[in-house]
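Residues per chain are reported as follows:
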Amino acid sequence: MFTTQLTGLFGRLHSKEENEIENAARLLAQANVGAGSIYVAGFGEMEGVTAEALRGEEPLTGARELTSVTELTTADRVLLVTRRSTDPQALKLAAELQSNDVPFVAIAGKVKDAEDDLAASADSFLNTQTIRGMLPDETGGRFGFPSLMAALYLYHGVKFVVEEILEEY
């Protein structure tokens, strides 16, 4: 049952986020084409995306781990990844990036009707569409929360397009 749900999730991500994957990739590729770098910041379990981008079998070209906003310039780009679009730490980072005029891409599950939300502040926002578990349990709750899997799916989509852009450049 979980495999069926994941297959459906990946299909939705592909169809609903396809254009935004392209936008995100163009934004990030600007750093590599210019004088900047792509900085990656993952929160919680989303540090898995950071590990993949920096130390995976095929690291993202020009990627570095974000350790301080003060080291960034307007030529740099940031890939910010978190579980939900209302994560206070991620929102704090987003505000710092905006105040320093550093463009950023956010990957997170979009919280419906949220007042303070990464989707509103990011230059490009990719929705993991994972806000709760995918499978029902016996008590009416839900379990099986594949937020990292969804984020990695979106990350790889962005990475492939970034690499395509850089090959053509």
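For the structure, check the block above.
Residues numbered from 1 in each chain as written. Predicted model: local features only at pLDDT ≥ 70, side-chain atom pairs only at ≥ 80, totals over all residues. Heavy atoms only, no water.

Draft legend 1. Up close: the sheet that holds strand S3 (residues 77-84). What the five strands build is an open sheet, ordered S2-S1-S3-S4-S5; its pairing is parallel. Each edge of the open sheet is held by one strand with a lone partner, namely strand S2 (63-65) and strand S5 (124-127). Going across the sheet, the axis of each strand differs from the next one's by a mean of 20 degrees, ignoring polarity. With three bridges joining them, strand S1 (residues 38-42) and S2 adopt parallel strand pairing. Bridging from a neighbouring strand, Ile 38 pairs with Ala 63 of S2. Against the sheet, helix H2 (residues 47-55) makes contact with S1, S2 and S3, and its axis sits at roughly 135 degrees relative to S2, the strand it touches most. (Pairing = 2+ DSSP bridges. Helix = DSSP H or I, 4+ residues; strand = E, 2+ residues; numbered from the N terminus. Axes fitted to C-alpha atoms, helices over the stretch in contact; angles between N-to-C directions. Contact = heavy atoms within 4.5 Å.)

Draft legend 2. Inspection of the pairing of S1 at higher detail. Burial within S1 is extensive, with five of its five residues counted as buried. Of the two faces of S1, both are covered, the one formed by Ile 38, Val 40 and Gly 42 as well as the one formed by Tyr 39 and Ala 41. Read from S1 through H2 to S2, the crossover connection turns out right-handed. Examined bridge by bridge, S1 and S3 share five bridges and lie parallel to one another. Residue pairing in the sheet places Tyr 39 in a bridge with Val 78 of S3. (Buried < 20%, exposed > 50% of the residue type's maximum accessible area, 1.4 Å probe, protein only. Right-handed = clockwise from strand over helix to strand, strands pointing away.)

Draft legend 3. Geometry of the packing of helix H1 (residues 2-33) against helix H5 (residues 147-168). Following both chains from N to C, one finds H1 and H5 inclined at 40 degrees, their axes separated by 7 Å at the closest point. Classified by the angle their axes make, H1 and H5 are oblique. The interaxial crossing formed by H1 with H5 has right-handed handedness. Residues of the contact of H1 with H5, tallied by class, amount to 19 nonpolar, three polar and three charged. (Parallel < 35°, antiparallel > 145°, perpendicular 65-115°, else oblique. Left-handed = near helix turned anticlockwise from the far one by under 90°. Nonpolar A, V, L, I, M, F, W, Y, C, P; charged D, E, K, R; others polar.)

Draft legend 4. The packing of aromatic side chains, seen in detail. The full count for this structure, using the stated rule, is one aromatic pair. Where Phe 10 meets Tyr 153, the ring centres are 4.8 Å apart and the plane angle is 10 degrees; that geometry is what we call stacked. Placement of Phe 10 in helix H1 and of Tyr 153 in helix H5 is noted, with a sequence separation of 143 residues between them. A relative accessible area of 29% places Tyr 153 in the partly exposed class. (Phe/Tyr/Trp six-rings, centres within 6.5 Å; stacked < 30°, edge-to-face > 60°.)

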